[in-house]
Amino acid sequence: MLASANIFNGRTLQPLTDTNDNNSKFKLCLSSSSSTSYSLHLLRRRPPFFPPPSVLLPNLRKKRKKRRSGNEFLCKASLETTGGVTVTAAGAPYSVKIPVGDRYILVETGHMGRQASGAVTATDGETIIYTTICLADVASEPSDFFPLSVHYQERFSAAGRTSGGFFKREGRTKDHEVLICRLIDRPLRPTMLKGFYHETQILSWVLSYDGLHPPDSLAITAAGIAVALSEVPNTEPVAGVRVGLIGDRFVVNPTTKEMEDSKLDLMLAGTGSAILMIEGYCDFLPEEKLLEAVQIGQDAVKAICTEIEALVKKCGKPKMLDAIKLPPPELYKHVEDIAGDELVEALQIKNKVPRRKALSLLENKVLNILTEKGYVSKTETVISTELKPDLLEEDEEDEEVVVDGEVDEGDVHIKPVSWKPTPLFFSEVDVKLVFKEVSSKFLRRRIVEGGKRSDGRTPQEIRVIHSRCGLLPRAHGSTLFTRGETQSLAVVTLGDKQMAQKIDNLVDEEEFKRFYLQYTFPPSCVGEVGRAGAPSRREIGHGTLAERALEPILPSDDTFPYTIRVESTITESNGSSSMASVCGGCLALQDAGVPVRCSIAGIAMGLVLDTKEFGGDGTPLILSDITGGEDQSGDMDFKVAGNDEGITAFQMDIKVGGITLPIMKQALLQARDGRKHILAEMLKSDPPPSKSISKHAPIIHVMKVQPEKINLIIGSGGKKVKSIIEETGVEAIDTQDDGVVKITAKDLPSLERTKAIINNLTMVPSIGDIYRNCEIKSIAPYGVFVEIAPGREGLCHISELSASWLAKAEDAFKVGDRVDVKLIEVNEKGQLRLSRRALLPDSDKDNPGKETSQKASDKNKPKKTSSPAKSASAVENSEMPKGKGKAVKLTESPKSKPTENKSESEDKVVKRLVIPEKEGPNGDKDGLSKSSVEPVMNISSKSASAVVNGEANIG
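Cut-offs and rules
- Residue positions are counted from 1 within each chain, in the order its sequence is given.
- Thresholds applied to this predicted model are a pLDDT of at least 70 for local features of residues and 80 or more for the giving and counting of side-chain atom pairs; totals over whole chains, interfaces and linings are not thresholded and use all residues.
- Heavy atoms throughout the structure, all of them, feed into the side-chain values; hydrogens and water do not.
- Each helix is a run of H or I in the DSSP string that is no shorter than four residues. Each strand is a run of E no shorter than two, and both are numbered from the N terminus.
- Accessibility here uses a 1.4 Å probe with only protein chains present; expressed as a share of the type maximum, an area under 20% marks a residue as buried, one over 50% as exposed, and anything in between as partly exposed.
- Using a 1.4 Å probe, the Shrake-Rupley method yields the accessible areas, and only the shown protein chains count as cover for residues.
- Any two residues having at least one pair of non-hydrogen atoms within 4.5 Å are treated as being in contact.
- Angular values range over 0 to 180 degrees, each being the angle between N-to-C directions of two axes fitted as lines to C-alpha atoms, with helices fitted over their stretch in contact.
- When describing relative orientation, an angle under 35 degrees is termed roughly parallel and one over 145 degrees roughly antiparallel, while 65 to 115 degrees is termed roughly perpendicular and anything else oblique.
- In this count, Pro and Cys sit with the nonpolar residues alongside Ala, Val, Leu, Ile, Met, Phe, Trp and Tyr, while Asp, Glu, Lys and Arg are called charged and the others, Gly among them, polar.
- Pairs of strands are assigned from DSSP output, requiring at least two bridges between the strands.
- Expected span, for any helix, means 1.5 Å times one less than how many residues it has.
- Take the buried Ala, Val, Leu, Ile, Met, Phe, Trp, Tyr and Cys residues and link them wherever side-chain atoms come within 4.5 Å; each set so joined is a nonpolar core.
- Put simply, a crossing is left-handed when the front helix is turned counterclockwise from the back one by less than a right angle, and right-handed when it is turned clockwise.

Colleague: Which residues make up the overall build of the chain, and what are the values?
Modeller: Across its full length, the chain carries 18 helices and 42 strands. Counting across all 955 residues of the chain, residues that qualify as buried make up 48%. Per element, the accessible surface of the chain, about 46,100 Å² overall, is 51% carbon and sulfur.

As structure tokens, then:
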């Protein structure tokens, strides 16, 4: 049997449980406000001895009533009916598919994280993002920014991997995760209502990643949905998409494979009516194409926001509007009356530090005057309300809704009231907040009405620019770029692959960056004392923006095989320091000798959106090259980098409800004019960039060998390559599977020695090649092993050692002896078979004793090497055996040193001549024609000799 109706918040409650069941602690009631909408209310049954509400103090009743109106969702579940009753409770599982581009994303809520204020899982393909939002129960101290923190993490388990670190778990936030945190934070912050000071935290995790659907744009949308479903008061839902340009077609949320061919990487976030944030990188894309991409992205965001609004109506929670605390309106008039003319004069000071000090003194003056007049009290009084209800009996049928925040202490409901200080009239924090807003208002009025900014410039005018290159003598490249009161010291360092930055990502592939820019913003650049240590999120974001702006102008790795590092240290800052890093970095690259495609520059644009409020005609006012104060007081910070032909990087943050495409178009065109002016000023650098590689930079030589020969360079366990580095003194030898070998050296002689060794190691020997003065490395019972080139040995069988019979090789030879050998066979394993007997004269074959004695005498006699100055005939007479006609090359042993002297500054050229074994094809008497005399290769005085082979192909 149903009990009589109860009244709750103006609605009729019909109990759905039997009121005669006294053992039930809760009662479920159904209320209706229309024929198609229902609500469920969970009521706690009041014990018969609970005092009636009439005994409670009036102020408690008011507070309790207010609390209920703001948090009614905690005991309410919305019901919808379409032809029948379909129950979907707030917090109950619910999912919806939202169309994005050419596919759908699945959004689910109520499955996980039900204790959070908002929790969402978003799925794109097999990529899943889980995002939650929570807020503190107690408000923080009022401040001039919304207390929002965002944390994004890519877990290796999402891709079926484990972290490679010692602890086998995710550690500190990686740089690319920080960038995505900023992408989430920046569009959400402008939608938060002023005066809400409850600390808010957004946590986002990548739970699954398929390697095809990027998680960054999905994370923005998931965070926007979580905020919209939560209690946090905001204006409109936010969503984000990526736009790529593949060929001539714009693609919304392209896959990672599609992005490999894209000319544009645009990340856009906004609401259904306006754009809040854009960030992207492109290869000199015209402004018109960028605007077209933004329009396509905004249309996609608008469609997503429409679906989010429908989802919020079904599953959203009421916003905590009652928690918003704004300064009293009358305080603005008091501050303006006191500051007035002095504030106008302070804002006209051109230099940043004196202006900042003047405004600080004026703020203290306003606070002191208000305190003296009694509007602000330093000592605050405290008031509180105590609850002392009498315990009276009440009817069993009387029930009360259990409200969140109350504590059920058995029979008495107690509303905890803390002892909170209450100011007499205005708080000190309110005065400071109002003073900052009034200062911003006066600055905007000065720009709109007077047409002049704080430093006296017009809205389109650029600050004075000066740059110096090569000021650091030991650095590979350096530039000091100054624009007004913003200054960047850019330093370039060149290195090999070992200096490349390794990227740890979800995909099980090693990724290295051969170019990276690191941005540093020390507190001294603004004349303050602050934290110095690991880079902040702002520093990582600004550095990445400048890095990607410069990346399109760099040469390819094949053209310029260096790893490039740019450091930008901000030595002075008054706005647009990231764009100063772009300008300074471009000049420093040229000073380091990097062959860049062209010069680029960066500029930051500002905006005063509502000019009518400050005496204008209502047309938005675009500001070029904004300062720090204009950034804080303005409505937009739009950074654009590129040249006069197109854009390479851009980033826009909005501090108001959003801007439209016509405003963005005007800002882009004005930014192009500003870049042209800056590029012209960069050409006036004094001194100019050297455009040549510094003598202190390493030398990198790239050579190509046959891929199958790479193992010969590396050796077993890398022993061979390490021995080459130790022997020659080069810094590094980098080998690739495709046969590319990069040698990094400090000087040219060590580089040349390494080249010669690698050439000998990777040479392709041919049968018939003759190798002179080669060392015997080891002796075996069946023969000797002869080193014909560094690291290359062949077997000379005992039968090929002498024309006469030898019982043991040790009888005639020992380790360290030098002999001439000829290659007579190369087996399928690449092993070499050599012969000494093939080079012995016929006369010696008949007299083995003479041959043995001749070997012994030759062992102690240095071999003569022909000078390049000698004629071919001289070489023929001294070294060519008679009666031979076949041409072969002469090879000098690595330990045989030429007698010619060579200066250290020039590279010595040793010409190897062709020696015939038989009569020449032209019937020459000596068998050596002029055309057969050819140089083999060029080597340095300290390098190992090359193989002498007329047909040999050097790898």
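Having put the structure on the table, let's press on.
Colleague: So what about the environment of Leu 148? Which residues, and what values?
Modeller: Tracing the backbone shows Leu 148 in strand β11 (residues 148-154). In contact with Leu 148, other than residues within four places in its own chain, are Asp 185, Arg 189, Thr 200 and Ile 202.

Colleague: Can you lay out the environment of Ile 98 for me, pointing to particular residues and giving the numbers?
Modeller: If you trace the backbone, Ile 98 turns up in strand β7 (residues 94-100). Given a relative accessible area of 0%, Ile 98 falls into the buried group. It is 10.0 Å that separates the C-alpha atoms of Ile 98 and Ala 122, two residues lying 24 residues apart in sequence. Once residues lying within four places of it in the same chain are set aside, the contact partners of Ile 98 are Arg 103, Tyr 104, Ile 105, Val 107, Ile 225, Ile 304 and Glu 307.

Colleague: Quick rundown of the packing of helix α2 (residues 175-188) against helix α9 (residues 537-550)? Include the residues and the values.
Modeller: Where α2 contacts α9, the axes come no closer than 9 Å and their chain directions differ by 100°. When the axis of α2 is compared with that of α9, the two are roughly perpendicular. Contact residues: Asp 175, Val 178, Leu 179, Cys 181 and Arg 182 in α2; Arg 537, Arg 538, Ile 540, Gly 541, His 542, Thr 544 and Arg 548 in α9. Classifying every residue of the contact of α2 with α9 gives four nonpolar, three polar and five charged.

Colleague: Tell me about the sheet that holds β7, and please be specific about residues and values.
Modeller: Strand order in the open sheet made by the six strands is β7-β8-β9-β10-β12-β11, with mixed pairing throughout. Each edge of the open sheet carries a strand with a single partner, namely β7 and β11. When strand polarity is set aside, the average angle formed by the axes of neighbouring strands in this sheet is 20°. Helix-sheet contacts for α2 involve β11 and β12 (198-208), and the interaxial angle to β11 is about 140°.

Colleague: Describe the environment of Leu 669, listing the residues and the values that go with them.
Modeller: Of note, Leu 669 is situated in helix α12 (residues 661-682). Separated by 382 residues in sequence, Leu 669 and Glu 287 place their C-alpha atoms 7.4 Å apart.

Colleague: Residues and numbers for α2, please.
Modeller: For α2, built from 14 residues, the straight-helix expectation of 20 Å at 1.5 Å per residue is met to within 8% by its first-to-last C-alpha distance of 21 Å. Burial analysis of α2 places 12 of its 14 residues in the buried class, which makes it a mostly covered element.

Colleague: Talk me through the nonpolar core; I want residue IDs and the actual numbers.
Modeller: Leu 264, Ile 564, Phe 638 and Met 664 are the most contacted members of the largest nonpolar core, which has 133 residues in total. Counting residues per element, this core draws most heavily on helix α5 (residues 287-315), at 11 residues. Residue contacts for Phe 638: discarding those within four places in its chain leaves Ile 278, Ile 603, Ala 604, Met 605, Phe 650, Gln 651, Met 652, Met 664, Ala 667 and Leu 668. One finds Val 434, Leu 443, Leu 623 and Ile 626 within the second-largest nonpolar core, a separate group that totals 28 residues.

Colleague: So, the pairing of strand β14 (residues 249-252): which residues are in play, and what are the values?
Modeller: Pairing of strand β13 (residues 239-246) with β14, which is carried by four bridges, proceeds in the antiparallel orientation. Paired with Ile 246 across the bridge in β14 is Arg 249. Hairpin remark: β13 followed by β14, antiparallel, with two residues in the connecting loop; positive phi at Gly 247, about 70°.

Colleague: Give a description of the packing of α5 against α12 that names residues and reports values.
Modeller: At their nearest, the axes of α5 and α12 sit 11 Å apart, and the two run at 155° to each other. With respect to their mutual orientation, α5 and α12 come out roughly antiparallel. Relative to α12, the crossing made by α5 is right-handed. Contact residues: α5 offers Glu 287, Glu 288, Leu 290, Leu 291, Val 294 and Gln 295, while α12 offers Leu 661, Met 664, Lys 665, Leu 668, Arg 672 and Arg 675. Residue composition of the contact of α5 with α12, by class: six nonpolar, one polar and five charged.

Colleague: Just give me the short version of the sheet that holds strand β32 (residues 647-654), but keep the residues and values in it.
Modeller: The strand order across the open sheet built from eight strands is β14-β13-β15-β16-β32-β31-β29-β30, with neighbouring strands paired in antiparallel fashion. The open sheet terminates on both sides in strands that have one partner only, identified here as β14 and β30 (621-624). Averaged over neighbouring strand pairs, the angle between their axes works out to 15° when direction is ignored. As defined by bridge partners, strand β16 (residues 275-285) adjoins β32 across six bridges and the pair is classed as antiparallel.

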